[in-house]
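# Summary of the model geometry
So you can see what is in the structure, the chains are spelled out below.
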There are 2 protein chains.
Amino acid sequence: MTRGTGRGGSPAAPSSTDVARLAGVSQKTVSRVFNDEPYVSADVRRRVTEAAERLGYRRNNAARALASGRTRSIGVVTLGTALYGPASLLMGVERVVRDTGYALRVVNTMEGDPAGIAGAVDSLLDQGVDGIVISEPIDEAGENGDMAPRVGVPVLVIGAPPFVTAPAVLNAGDGADLMARTATEHLLALGHTTVHHLAGPQRWYAARDRLEGWRATLTAHGKDVPEVVTGDWSAASGYTAGRALAEDGDVTAVFSANDDMAIGLVRALADAGRRVPEDVSVVGFDDIPVAAYVTPPLTTVRQPFDAVAQEGLKRLVHAIENPDADPLPPSDPPIDLVVRASTAPPPSRTARARGRRTSSRRQAGTPAARPEGGAAPQH
Amino acid sequence: MTRGTGRGGSPAAPSSTDVARLAGVSQKTVSRVFNDEPYVSADVRRRVTEAAERLGYRRNNAARALASGRTRSIGVVTLGTALYGPASLLMGVERVVRDTGYALRVVNTMEGDPAGIAGAVDSLLDQGVDGIVISEPIDEAGENGDMAPRVGVPVLVIGAPPFVTAPAVLNAGDGADLMARTATEHLLALGHTTVHHLAGPQRWYAARDRLEGWRATLTAHGKDVPEVVTGDWSAASGYTAGRALAEDGDVTAVFSANDDMAIGLVRALADAGRRVPEDVSVVGFDDIPVAAYVTPPLTTVRQPFDAVAQEGLKRLVHAIENPDADPLPPSDPPIDLVVRASTAPPPSRTARARGRRTSSRRQAGTPAARPEGGAAPQH
DNA sequence: GTGAAAGCGCTAACAC
DNA sequence: GTGTTAGCGCTTTCAC
């Protein structure tokens, strides 16, 4: 009764033993052929391949994993959102993982998920993975006392400090504060006396990094550090923040921690009669695909998701396959400020004073050049 | 030498036999406890749990899969893009899969990928999955002669015809043409004599469905069916299409197959001096998060991604676990037209004639009400 | 170059 | 309620 069952009616899948029998070789030889091991004569190799083809054989991964102790899969912990950043990172990771010959297992953490990252990592470990990628984790500490989960496989953390204990812990995507610096400096270079910041939720490391980069730049230039307004990444929260910011006639430049919020912000400013960029300049973050096509086209910092994923995964796979070797060194991702039409020099003092009085909704037809970002938006 | 190796230095993971020994029971009993099988005394259960805890035992999934023939994982084939639609669907699927107790394996297909969907499905089958979700496939036929891959596990196809052969093939997310109908009818109801369509790439079933819904509505109402303009889902392509559409003074209403293209379209119209919605009404598709905050706030059709994922997965899991039962019937997803400020009745004839002459760029300050979508965008 | 034997850690079927 | 006996389909080790 070796050929067993296959409940449900479908015939049992052929095993390497079946292939071996058909090809007239030993089971081990079949294994050799499928693992591209040397020392198999061309003739035998051909016979095996043919037999396998004929039977529709595909090797059983569970058995392979059981016998070898390696699952040849990598798990990724990601946020359960379609936000452009996390989603882009995930796609980047998938692309690279496939090329490395590993399979990808995905687990989400929701914000406010009681189990949090530790739970997600745990479920990956349960499933069996050879390495783990934690993408843009948020800091659940406080709700969830025990941080620093202990993991037995190499881990790559993207966009956060390495807060796990593992045989190898790698980091990638730490450029956020530098990018925030670039954005802030662009605004300062245009002549703004200071720059306001519309921050992301501070439980996100990504949000903290951007805030830090902004603050550091202001301090380095001896500028005032205005109070921070915080959103939740959504355009809706950007809109709310924009309402508040528009009240303050001193605001001439805002650096938003992502593009979605920037778009909501721009809309709120427009609704309040403050023009972008004549009255207020806005810089976003991410360079989402529509950024070049909103009104006005958004100046923003492009995140190098693919580069980060590729570089990080390469190092992770290296750590998996060479447990005793030194880890590969990280390399710095490029920084890419895309200047479009949402930034300009600040308005003159007198113009600003006027704006402060006329805080009500501005009528169309105000005699002022319309900020048309040129014919074809640049991207 | 039973406790073997653990190369790299980490000690070998404990097995259920180790736990059994420590708890003073048989290995099978440990298995019972971990599978929540009945007929285990509370006392034994406690002892086993404690022993497992102490050893840091976690059961080996490879062994489980090998012995049971089930991997307890579901594979999903998705497009390798961060496009809002596919990304939302993937997140929705993950969320539901976890609740069902299955693990999720993800494989992308890139557009133009030579292996295509068949290749992705194949790699999933290689990995070993109990069921497969194919999300928003595109039609690679022509490049890739052999369609209809033969699969041995149940398959759920989201947003496309069931083009595989499998023990169970389920469908979900077929509401697109109905939604397109709703969008088109909204425009017709406003008084537009006809509606133009900015379509998605026709290799996507999703794009075809929307086009068909649009065409059918026009035909049903006895309207002209204008020539279709096609984009690639991006705002950039929407912009290009908008340039062309703006030339044609007869265009007063456009239904765009997604929101990104709609945003590019709106911008192109604005650049050409055609106001939205006074001169041209635009309806999008998806209801992406920024849709309520662009200028003007976009009227669009919201896609019920979560509902589709949830309902589809429920049926897939049912098919996996009850191979001989009848499949669960599909249920119709809700249709949700979100009316914002990008749609309005068509301009009067005379106004339109005027617009046709002045095809050049309109100056700001034109005496015309500004399309301010009200204070707080509705969402 | 190839094969035989052992066993990875579980679940399945049955005995007690 | 609990234990025993067999494999699941591979990889590993070592013999030839």
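Right, let's walk through the structure included here. Sequence order sets the numbering: in each chain, residues are counted from 1 along the sequence as written. As they are written, the chains are lettered A onward and the ligands numbered 1 onward, keeping that order. A pLDDT threshold of at least 70 governs which residues receive local features in this predicted model, and a stricter bar of 80 or more applies before side-chain atom pairs are shown or counted, although totals over entire chains, interfaces and linings include all residues. Here the side-chain values reflect all heavy atoms present in the structure, with hydrogen atoms and water set aside.

All names here are of chain A. Between the first and last C-alpha of helix α7 (residues 176-189) there are 20 Å, a value that for 14 residues agrees with the 20 Å anticipated at 1.5 Å per step. Of all the positions in α7, only Ala 176, Met 179, Ala 180, Ala 183, Thr 184, His 186, Leu 187 and Leu 188 are classed as buried. Its buried side turned inward, α7 meets α8 (205-220), β8 (253-256), β9 (281-286), β10 (299-302) and β11 (336-338). Helix numbers and strand numbers start at the N terminus; a helix is a DSSP run of H or I with at least 4 residues, a strand a run of E with at least 2. A helix's residues, less one, multiplied by 1.5 Å, set its expected span. Relative accessibility under 20% of the residue-type maximum defines a buried residue, over 50% an exposed one, and the middle range a partly exposed one, all with a 1.4 Å probe and only protein chains included. Throughout, a residue-residue contact means that at least one pair of heavy atoms, one from each residue, lies within 4.5 Å.

On to the side chain of Asp 286 of chain A. Residues and elements named next belong to chain A. Structurally, Asp 286 can be placed in strand β9. Notably, Asp 286 is buried but unbridged: the nearest opposite-charge side chain belongs to Arg 210, and the N-O separation is 4.2 Å. Of the polar contacts made by the side chain of Asp 286, one reaches the side chain of Gln 303; its length is 3.0 Å. Setting aside residues no more than four positions away along its own chain, Asp 286 makes contact with Tyr 84, Gly 85, Arg 210, Asn 258, Asp 259, Thr 300, Val 301, Arg 302, Gln 303 and Phe 305. Only four residue types enter the charge count, namely Lys and Arg as positive and Asp and Glu as negative; His and the chain termini do not. Salt bridge, as used here, is a side-chain nitrogen of Lys or Arg placed within 4 Å of a carboxyl oxygen of Asp or Glu. Pairs of N or O atoms are called polar contacts if they sit within 3.5 Å, as long as, within protein, a hydrogen donor faces a hydrogen acceptor (for residues adjacent in sequence, only side-chain-to-side-chain pairs).

Time to look at the protein's contact with DNA strand C. For DNA strand C, the set of nearby residues contains 26 residues, the closest of which are Thr 29, Arg 32 and Ser 41 of chain A together with Ser 16 and Ser 31 of chain B. One heavy atom within 4 Å of a molecule or strand makes the whole residue count as near it. A share of 60% is what sugar and phosphate atoms reach among the atoms of DNA strand C within 4 Å of the protein. In the environment of DNA strand C, a phosphate oxygen lies 2.3 Å from a nitrogen or oxygen atom belonging to the side chain of Ser 16 of chain B. Contact between DNA strand C and Ala 63 of chain B: a base nitrogen at 3.5 Å from a main-chain N or O atom of the residue. With 5 residues, helix α4 (residues 61-68) of chain B is the largest single contributor of residues to the surface near DNA strand C.

Bringing the packing of aromatic side chains into the picture now. The criterion for an aromatic pair is that two Phe, Tyr or Trp rings (for Trp, the six-membered ring) have centres within 6.5 Å, with stacked assigned to planes under 30 degrees apart, edge-to-face to planes over 60 apart and tilted to the rest. According to the stated counting rule, one finds 12 aromatic pairs over all chains in the structure shown. Geometrically, the ring pair formed by Trp 204 of chain A and Trp 233 of chain A is edge-to-face, given 5.4 Å between the ring centres and 80° between the ring planes. Taken together, the positions of Trp 204 of chain A in the loop between β6 (196-199) and α8 and Trp 233 of chain A in the loop between β7 (229-230) and α9 (235-247) put the pair 29 residues apart, joining distant regions of the chain. Judged by its relative accessible area of 4%, Trp 233 of chain A is buried. With a centroid separation of 5.6 Å and 50° between ring planes, the pair formed by Tyr 293 of chain A and Tyr 239 of chain B is classed as tilted. A residue pair is termed interchain when its members come from two chains, as with Tyr 293 of chain A in the loop between β9 and β10 and Tyr 239 of chain B in helix α9 (residues 235-247).

Residue and element names in this part refer to chain B. In this analysis the probe radius is 1.4 Å and the grid spacing 1 Å, with only protein atoms considered; a cavity is a set of points the probe fits into but cannot get out of, a pocket is an open set with protein on both sides within 12 Å along at least five of seven lines, and lining residues have an atom within 4 Å of a point. Grid points are joined across faces, edges and corners, and a volume is the space filled by probe spheres set on the points. Taken as a whole, the second largest pocket holds about 560 Å³ of empty space. The wall of the second largest pocket is formed by 33 residues, among which Ala 82, Leu 83, Tyr 84, Gly 85 and Ile 288 lie closest to the centre. When contributions to the lining of the second largest pocket are tallied by element, the ones reaching two or more residues are α5 (84-100), α8 (205-220), α10 (259-271) and α11 (305-321). Among the elements that line the lining of the second largest pocket, the one with the most residues is α5, at 6 residues. For this classification, the nonpolar set comprises Ala, Val, Leu, Ile, Met, Phe, Trp, Tyr, Cys and Pro, the charged set comprises Asp, Glu, Lys and Arg, and every other residue, Gly included, is treated as polar. Looking at the lining of the second largest pocket, its residues break down into 19 nonpolar, 6 polar and 8 charged.

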